[in-house]
Amino acid sequence: MALEDDIGILAGVEIFEDFTPEQMRLLAFGTERLRYTIGRELYGEGDTADSAYVVVAGVVALVRDTEAGRIVVAQCGPGSVLGEIALIVETKRLTGAVAAGDVEVVRLNRALFRRMLEEYPQIAAMLHRRLSRSLTTMIAKIESLAPKFQ
């Protein structure tokens, strides 16, 4: 696929929606397009996370390995971002990711993304605001559930 197709895919992802056309082009230029067939693992639970994935086509199952076997904790379709926090910090994968059918993804590596944050500080400020809002929303949801666990 062409660079313009990758730009279009990334432009539809919430965390990149405020990027300028120039920034989107740079981001898309550094991506890698990958295809997986049913049952193929994109990454394993506990693996070091050095990249994020955007699902272009198909469905990716997020899985956890338990004593009772592997369970699917979520399914992610086109436009979903897997492991976006890995673009910013070193971390481990909390789940595994397995192709639930034929899947196409765009892989974004942390090194390129961090270079972009250094070159475009306004991106870093925008991401900080977005992550702060998300964290605040998540904390409010957790607090609203607290009475159920007391």
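Further up the page is the structure itself.
Keep in mind it's a predicted model, so treat the numbers as computed, not measured.

Caption draft 1: Summary view of the overall build of the chain. Summing up its helical and strand segments, the chain has four helices and ten strands in all. Written out in order from the N terminus, the α and β elements of the chain read α-α-β-β-β-β-β-β-β-β-β-β-α-α. Taken over C-alpha atoms, the radius of gyration comes to 17 Å for the chain, in line with the 15 Å a tight globule of 150 residues would show. Here the C-alpha coordinates of the chain stretch approximately 50 × 40 × 25 Å along the principal axes. Taken over 150 residues, the chain has a buried fraction of 36%. For the chain, long-range pairs separated by at least 24 residues make up 72% of all intrachain contacts whose partners lie at least 6 apart in sequence. Here the chain contributes 17 positively and 21 negatively charged side chains, and the mean placements of these two sets differ by 2 Å.

Caption draft 2: Examining the nonpolar core more closely. Residues Leu 10, Phe 16, Phe 19, Leu 27, Phe 113 and Ile 123 are the most contacted members of the largest nonpolar core, which totals 22 residues. For this core, the elements supplying multiple residues, two or more each, are helix H1 (3-11), helix H2 (21-29), strand S4 (51-57), strand S10 (103-109), helix H3 (110-119) and helix H4 (121-145). With four residues, H3 is the single largest residue contributor to this core. The contact partners of Leu 10, leaving out residues within four places of it in the chain, are Phe 16, Met 24, Leu 27, Ala 28, Thr 31, Val 54, Val 106 and Leu 108.

Caption draft 3: Focus on a nonpolar patch on the surface. Together, Leu 135, Met 138, Ile 139 and Ile 142 line one region of the surface with nonpolar side chains, adding up to about 370 Å² of accessible area. Residue Leu 135 is classed as partly exposed on the basis of its relative accessible area of 44%.

Conventions and cut-offs
Residues numbered from 1 in each chain as written. Predicted model: local features only at pLDDT ≥ 70, side-chain atom pairs only at ≥ 80, totals over all residues. Heavy atoms only, no water. Helix = DSSP H or I, 4+ residues; strand = E, 2+ residues; numbered from the N terminus. Rg over C-alpha atoms; globule rule 2.2 N^0.38 Å. Buried < 20%, exposed > 50% of the residue type's maximum accessible area, 1.4 Å probe, protein only. Contact = heavy atoms within 4.5 Å. Lys, Arg positive; Asp, Glu negative; His and termini not counted. Charge placed at Lys NZ, Arg CZ, Asp CG, Glu CD. Core = buried A, V, L, I, M, F, W, Y, C linked by side-chain atoms within 4.5 Å. Patch = residues over 30% accessible without salt bridge, like charges linked within 9 Å, V, L, I, M, F, W, Y side chains within 5 Å. Areas by Shrake-Rupley, 256 points an atom, 1.4 Å probe, with all protein chains shown as cover. Salt bridge = Lys/Arg side-chain N within 4 Å of Asp/Glu carboxyl O.

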